[in-house]
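Each chain, written out:
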Amino acid sequence: MFTKFGVFDDAFGSELPARLLDFAIANEDGFETTMTSYSDGSEAVDTNFRTSKRFVGKLGDIGREYRAAFVEIMPKLFEAAGVPMVENPLLENELIATGDGGSLAKHIDTLTLDNRDDVESERILSTVYYFHRQPRKFSGGEIEIHPLDGRADPKPVEPRHGRLIVFPAFAPHSVRGLTVPSRRFEDGRFSLNCWVRYRTR
Ligand SMILES: O=C(O)CCC(=O)C(=O)O
Ligand SMILES: [Fe+2]
């Protein structure tokens, strides 16, 4: 029993992924080890759960450009994930670099905070846009969409340059281990997450 999900190759043409890749490589110093968030609101580095680096700086113009392009195709993304479109959504971006040995254990992206008193919006749609050097210098790193009931093998999707995947934020998913023989930052797997959030108040 799987949720719907959609895979869009060449989702935003060929120029945008090339520039996102240049931006990520030029800003290597702005990446820090990705933390994991827990339901009590705390965060920690947990290398058993996730190994990647997250860009902690501002995406600036390229972020604005990405979100403008994203909004254009948003109706078809909701449709592909089988989720009703929400009014006046918020977009949350995260730029990630995954290198040799990187992976991400099975999880959902919906917030699971125990205390929701201060929660003003919730993730409803998860999207991940991939880019990397050509030809690709890594192997593995497929995202896997898992069945809701755990009664089937997960469906792997390759993180191809220019590809966007969309699924409901509550769909369980994971990332298979990555091998980057050169171990160079620029040869890794780059991804721009964009969560669509609905306002709860
Ligand atoms: O990089 C991917 O393919 C998935 C990333 C992800 O699931 C997340 O950051 O929550
Ligand atoms: Fe996720």
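Criteria and cut-off values
- Residues numbered from 1 in each chain as written.
- Chains lettered and ligands numbered in written order.
- Predicted model: local features only at pLDDT ≥ 70, side-chain atom pairs only at ≥ 80, totals over all residues.
- Heavy atoms only, no water.
- UniProt positions renumbered as here; feature names shortened; annotations may be inferred.
- Near = heavy atom within 4 Å.
- Polar contact = N/O pair within 3.5 Å; in protein donor to acceptor, adjacent residues only side chain to side chain.
- Areas by Shrake-Rupley, 256 points an atom, 1.4 Å probe, with all protein chains shown as cover.
- Helix = DSSP H or I, 4+ residues; strand = E, 2+ residues; numbered from the N terminus.
- Nonpolar A, V, L, I, M, F, W, Y, C, P; charged D, E, K, R; others polar.
- Buried < 20%, exposed > 50% of the residue type's maximum accessible area, 1.4 Å probe, protein only.
- Donors = N, O, S within 2.8 Å, 3.2 Å for Na, K, Ca; no water.
- pLDDT = per-residue confidence, 0-100.
- Pairing = 2+ DSSP bridges.
- Axes fitted to C-alpha atoms, helices over the stretch in contact; angles between N-to-C directions.
- Contact = heavy atoms within 4.5 Å.
- Parallel < 35°, antiparallel > 145°, perpendicular 65-115°, else oblique.
- Left-handed = near helix turned anticlockwise from the far one by under 90°.
- Salt bridge = Lys/Arg side-chain N within 4 Å of Asp/Glu carboxyl O.

- As recorded in an unreviewed UniProt entry, the protein goes by Fe2OG dioxygenase domain-containing protein and comes from Pontixanthobacter aestiaquae.
- Taken directly from UniProt, the Cofactor (unreviewed entry) text for the protein runs: "L-ascorbate".

### Concerning the site of ligand 1
Then, number 1: Inspection of the region around ligand 1 gives 13 residues, with His-107, Tyr-130, His-173, Arg-189 and Asn-193 positioned closest.
Then, number 2: Taking His-173, its side chain carries an N or O atom lying 2.8 Å from an oxygen atom of ligand 1.
Then, number 3: One nitrogen or oxygen atom from the side chain of Arg-189 is found 2.7 Å from an oxygen atom belonging to ligand 1.
Then, number 4: When ligand 1 sits alone it has 290 Å² of accessible area, and the protein chains cover 95% of it.
Then, number 5: Among the secondary structure elements, those contributing two or more residues to the shell around ligand 1 are β8 (103-107), β9 (121-131), β14 (173-175) and β16 (189-199).
Then, number 6: The dominant element in the shell around ligand 1, judged by the number of residues it contributes, is β16, at four residues.
Then, number 7: For the shell around ligand 1, a count of residues per class yields six nonpolar, four polar and three charged.

### Some thoughts on unusual backbone geometry
It is generally the case that most residues other than glycine have a negative phi and that most peptide bonds are trans.
Then, number 1: Here the amide bond leading from Gln-134 into Pro-135 is cis, since omega sits at -5°, within 30 degrees of zero.
Then, number 2: With respect to the helices, strands and loops of the structure, Pro-135 is situated in the loop between β9 and β10 (139-140).
Then, number 3: The phi dihedral of Asp-10 is positive, around 55°, even though this residue is not glycine.
Then, number 4: Its place among the elements puts Asp-10 in the loop between β1 (6-8) and α1 (15-26).
Then, number 5: At Arg-183, a residue that is not glycine, the phi angle is positive and equals roughly 60°.
Then, number 6: Tracing the chain through its elements places Arg-183 in the loop between β15 (178-179) and β16.
Then, number 7: The exposure class of Arg-183 is exposed, given its relative accessible area of 66%.

### A short note on the coordination of the iron ion (ligand 2)
Six octahedral donors around a metal ideally make angles of 90 or 180 degrees; four tetrahedral donors ideally make 109.5 degrees.
Then, number 1: Coordination of the iron ion (ligand 2) by the protein comes from His-107 (NE2), Asp-109 (OD) and His-173 (NE2), over a distance range of 2.0 to 2.2 Å.
Then, number 2: Each donor residue of the iron ion (ligand 2) belongs to the same chain, and together they define the spacing H-x1-D-x63-H.

### Some points on the confidence of the model for the protein
Then, number 1: Looking at the protein, the pLDDT average stands at 95 and 100% of residues meet or exceed 70.
Then, number 2: Across the interfaces of the predicted complex, the ipTM metric reaches 0.99, alongside a pTM of 0.96.

### Comments concerning the sheet that holds strand β6 (residues 53-55)
Then, number 1: Pairing is antiparallel across the open sheet formed by seven strands, whose spatial order is β1-β13-β9-β16-β7-β6-β2. Two strands lie at the open edges of the sheet, namely β1 and β2 (31-33), each paired on one side alone. Between one strand axis and the next, the sheet turns through 30° on average, direction left out of account.
Then, number 2: With ten bridges connecting them, β9 and β16 associate as antiparallel partners. Within β16, the residue paired with Ser-121 across the bridge is Arg-199.
Then, number 3: Against the sheet, α1 makes contact with β2, β6, β7 (90-98), β9 and β16, and its axis sits at roughly 95° relative to β9, the strand it touches most.
Then, number 4: Contacts between helix α2 (residues 60-81) and the sheet are confined to β1, β7, β9, β13 (164-168) and β16, with β13 contributing the most and set at about 55° to the helix.

### Here we look at the packing of α1 against α2
Then, number 1: Axis separation between α1 and α2 bottoms out at 11 Å; the angle between their running directions is 150°. In terms of orientation, α1 and α2 fall into the roughly antiparallel class. Crossing angle aside, the handedness with which α1 passes α2 is left-handed. Where α1 approaches α2, its residues Leu-16, Arg-19, Leu-20 and Phe-23 are matched on the opposing element by Ile-62, Glu-65 and Tyr-66.
Then, number 2: Looking at side-chain class alone, the contact of α1 with α2 contains five nonpolar, no polar and two charged residues.

### Overview of the pattern of salt bridges
Then, number 1: The tally for this structure, following the rule as stated, stands at 16 salt bridges.
Then, number 2: Residue Glu-144 is joined to Arg-176 by a salt bridge in which the shortest nitrogen-to-oxygen separation is 2.6 Å. With Glu-144 in strand β11 (residues 143-145) and Arg-176 in the loop between β14 and β15, the pair connects residues that are 32 residues apart, well separated along the chain.
Then, number 3: We classify Arg-176 as partly exposed; its relative accessible area is 34%.
Then, number 4: Connected through shared salt-bridge partners, Glu-15, Arg-19 and Glu-65 make up one network.

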